[in-house]
Amino acid sequence: MSILFRTLILSLVILMTFAISLAQEKDRPLKILTSLKPGRSNCGNSTVTGTLRLTFDKSEKITHVDLVHSTGCASFDDNLLRAARTIKFLAEIRHGERVTVIRQIEYTYSTY
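Here we summarise the structure given alongside this text.

Thresholds applied
Residues numbered from 1 in each chain as written. Predicted model: local features only at pLDDT ≥ 70, side-chain atom pairs only at ≥ 80, totals over all residues. Heavy atoms only, no water. Helix = DSSP H or I, 4+ residues; strand = E, 2+ residues; numbered from the N terminus. Buried < 20%, exposed > 50% of the residue type's maximum accessible area, 1.4 Å probe, protein only. Contact = heavy atoms within 4.5 Å. Areas by Shrake-Rupley, 256 points an atom, 1.4 Å probe, with all protein chains shown as cover. Lys, Arg positive; Asp, Glu negative; His and termini not counted. Salt bridge = Lys/Arg side-chain N within 4 Å of Asp/Glu carboxyl O. Pairing = 2+ DSSP bridges. Phe/Tyr/Trp six-rings, centres within 6.5 Å; stacked < 30°, edge-to-face > 60°. Polar contact = N/O pair within 3.5 Å; in protein donor to acceptor, adjacent residues only side chain to side chain.

## A closer look at the overall build of the protein
Looking only at helices and strands, one finds two helices and seven strands in the protein. Secondary structure elements of the protein occur, N-terminal to C-terminal, as α-β-β-β-α-β-β-β-β. Relative to its full complement of 112 residues, the protein shows a buried share of 30%. Once local pairs closer than 6 in sequence are excluded, the contacts in the protein between residues at least 24 apart make up 73%. A total of about 8100 Å² of accessible surface is found on the protein, and carbon and sulfur atoms cover 58% of it.

What follows is the structure, given as structure tokens:
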């Protein structure tokens, strides 16, 4: 009976170790699932570039957006900021834990 008991305990330990390793997520960088799609603006025909600083929260929501470099067109900047708040993403994972990260994104748009 003691051999059966030892085998049972050993099996449980192996099973628990396997379950814990499956539960821990592997490290992964931030993964953006949707791209920016700002609406059109009335800024004439040109190519504009704007830079945004976004906070990608570990809860997989954009929690803060800053305009670092304007496109030079206020209505397009507003559209860019609004669109940035709707980005869908998978949070970055470090050491098995989701983390909040801040990234800068440069967006170039051409109108003709």
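## Observations regarding the side chain of Asp77
With respect to the helices, strands and loops of the structure, Asp77 is situated in helix α2 (residues 74–84). Look at Asp77: it is buried, it has no salt bridge, and the nearest opposite charge is Arg82 at 11 Å.

## Concerning the pairing of strand β2 (residues 47–56)
For a regular strand, side-chain orientation follows a simple rule: the groups alternate between the two sheet faces. Judged by how many residues are buried, β2 sits mostly within the fold: seven of ten residues are covered. The pairing of β2 with strand β7 (residues 101–110) spans ten bridges and is classified as antiparallel. Bridged to Leu54 within β7 is Arg103. Alignment of β2 against strand β3 (residues 62–69), held across six bridges, turns out to be antiparallel. What sits directly across from Phe56, in β3, is Ile62. Between the antiparallel neighbours β2 and β3 lie five residues, among them Glu60 with a positive phi of about 65 degrees.

## Some words on the packing of aromatic side chains
Scanning the entire structure with this criterion turns up two aromatic pairs. A centroid spacing of 4.9 Å and a plane angle of 90 degrees characterise the contact between Phe56 and Phe89, whose relative ring orientation is edge-to-face. Here Phe56 is found in strand β2, whereas its partner Phe89 is found in strand β4 (residues 89–90), with 33 residues between them in sequence. A relative accessible area of 1% means that Phe56 is categorised as buried.

## A closer look at the environment of Ser59
Here Ser59 is to be found in the loop between β2 and β3. A sequence separation of 32 residues divides Ser59 from Ala91, and the C-alpha atoms of the two residues are 7.3 Å apart. Of note is the side chain of Ser59, whose polar atom sits 2.7 Å from the side chain of Asp57.

## Section: the side chain of Asn79
Checked against the element boundaries, Asn79 lands in helix α2. Reaching out from Asn79, the side chain makes a polar contact with the side chain of Arg82 at a distance of 3.0 Å. Those residues within four positions of Asn79 in sequence are excluded, and the remaining contacts are Pro38, Gly39, Arg40 and Ser41.

Keep in mind these values describe shape, not function.
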